[in-house]
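Survey of secondary and tertiary structure
Residue strings, one per chain:
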Amino acid sequence: QVQLVESGGGLVQAGGSLRLSCAASGVFFSIDVMRWYRQAPGKQRELVAAFTSSGSTGYADSVKGRFAISRDNAKNTVYLQMNSLKPEDTAVYYCNADIRGGAFMRNYWGQGTQVTVSS
């Protein structure tokens, strides 16, 4: 069974920074795309950033210039560096990944980590 475990969330003041981590563990062949989503109370879950196995990255317009996604393939880990945080960034942040195991590519979700940004 493959697991994604997020860490690094917390409470920060507006303008502060946090670094989220997501580590994949279990039995699998490879990881394709790794993503960060977030979901605020009463809102739809949204894609924040993505990192492909070839190194391409993409960001939601709301976080461009403030967030940076990176990936350490040796550790099967993806990071999200969040700078200049705003109260509207408050949400549960979820790691998501397309992972190949055997004959199948499957999508997995982490449990989420809470990020709270105070005014």
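Right above here is the structure, for reference.
On to the pattern of salt bridges, then. Tallied over the full model, the rule gives five salt bridges. With a shortest N-O distance of 2.9 Å, aspartate 89 and arginine 38 are connected by a salt bridge. Placement of aspartate 89 in the loop between strand S8 (77-82) and strand S9 (91-101) and of arginine 38 in strand S4 (residues 30-39) is noted, with a sequence separation of 51 residues between them. You can call aspartate 89 buried: its relative accessible area is 1%. Here arginine 38 falls in the buried class, since its relative accessible area comes to 5%.

Over the atoms, a rolling probe the size of a water molecule traces out where space has been left empty. Estimates place the volume of the largest pocket at around 160 Å³. The residue makeup of the lining of the largest pocket, split by class, is two nonpolar, four polar and seven charged.

Once that is clear, we can look at unusual backbone geometry. At asparagine 76, a residue that is not glycine, the phi angle is positive and equals roughly 50°. Within the fold, asparagine 76 resides in the loop between strand S7 (67-72) and S8. Unusually for a residue other than glycine, serine 84 sits at a positive phi of about 50°. Here serine 84 shows up in the loop between S8 and S9. Look at serine 84 and you get partly exposed, because its relative accessible area is 43%.

Right, let's talk about the pairing of S8 for a bit. Most of S8 is tucked away: five of the six residues are buried. Across six bridges, the pairing between strand S3 (residues 18-25) and S8 is antiparallel. Looking across to S8, one finds that alanine 23 is bridged to threonine 77. Taking the residues between adjacent antiparallel strands as the criterion, S7 and S8 are bridged by four residues, where asparagine 76 takes a positive phi near 50°.

Most of S4 sits out of view: seven of its 10 residues are buried. With eight bridges joining them, S4 and S9 adopt antiparallel strand pairing. Across the sheet, the residue bridging to isoleucine 31 is isoleucine 99, located in S9. Sheet analysis places S4 next to strand S5 (residues 46-51), joined by five bridges and oriented antiparallel.

This brings us to the state of the cysteines. All told, the structure shown has one disulfide when counted by the stated rule. The disulfide bridge from cysteine 22 ends at cysteine 95, spanning 2.0 Å between sulfur atoms. Taking the sign of the torsion about the S-S bond as the criterion, the disulfide between cysteine 22 and cysteine 95, at about -80°, is left-handed. Here cysteine 22 is found in strand S3, whereas its partner cysteine 95 is found in strand S9, with 73 residues between them in sequence. An identical accessibility class is assigned to cysteine 22 and cysteine 95; each is buried.

Cut-offs used in this document
- Residues numbered from 1 in each chain as written.
- Predicted model: local features only at pLDDT ≥ 70, side-chain atom pairs only at ≥ 80, totals over all residues.
- Heavy atoms only, no water.
- Salt bridge = Lys/Arg side-chain N within 4 Å of Asp/Glu carboxyl O.
- Helix = DSSP H or I, 4+ residues; strand = E, 2+ residues; numbered from the N terminus.
- Buried < 20%, exposed > 50% of the residue type's maximum accessible area, 1.4 Å probe, protein only.
- 1 Å grid on protein atoms, 1.4 Å probe; cavity = no way out; pocket = protein on both sides within 12 Å on 5 of 7 lines; lining within 4 Å.
- Points joined across faces, edges and corners; volume = space filled by probe spheres on them.
- Nonpolar A, V, L, I, M, F, W, Y, C, P; charged D, E, K, R; others polar.
- Pairing = 2+ DSSP bridges.
- Disulfide = S-S within 2.5 Å.

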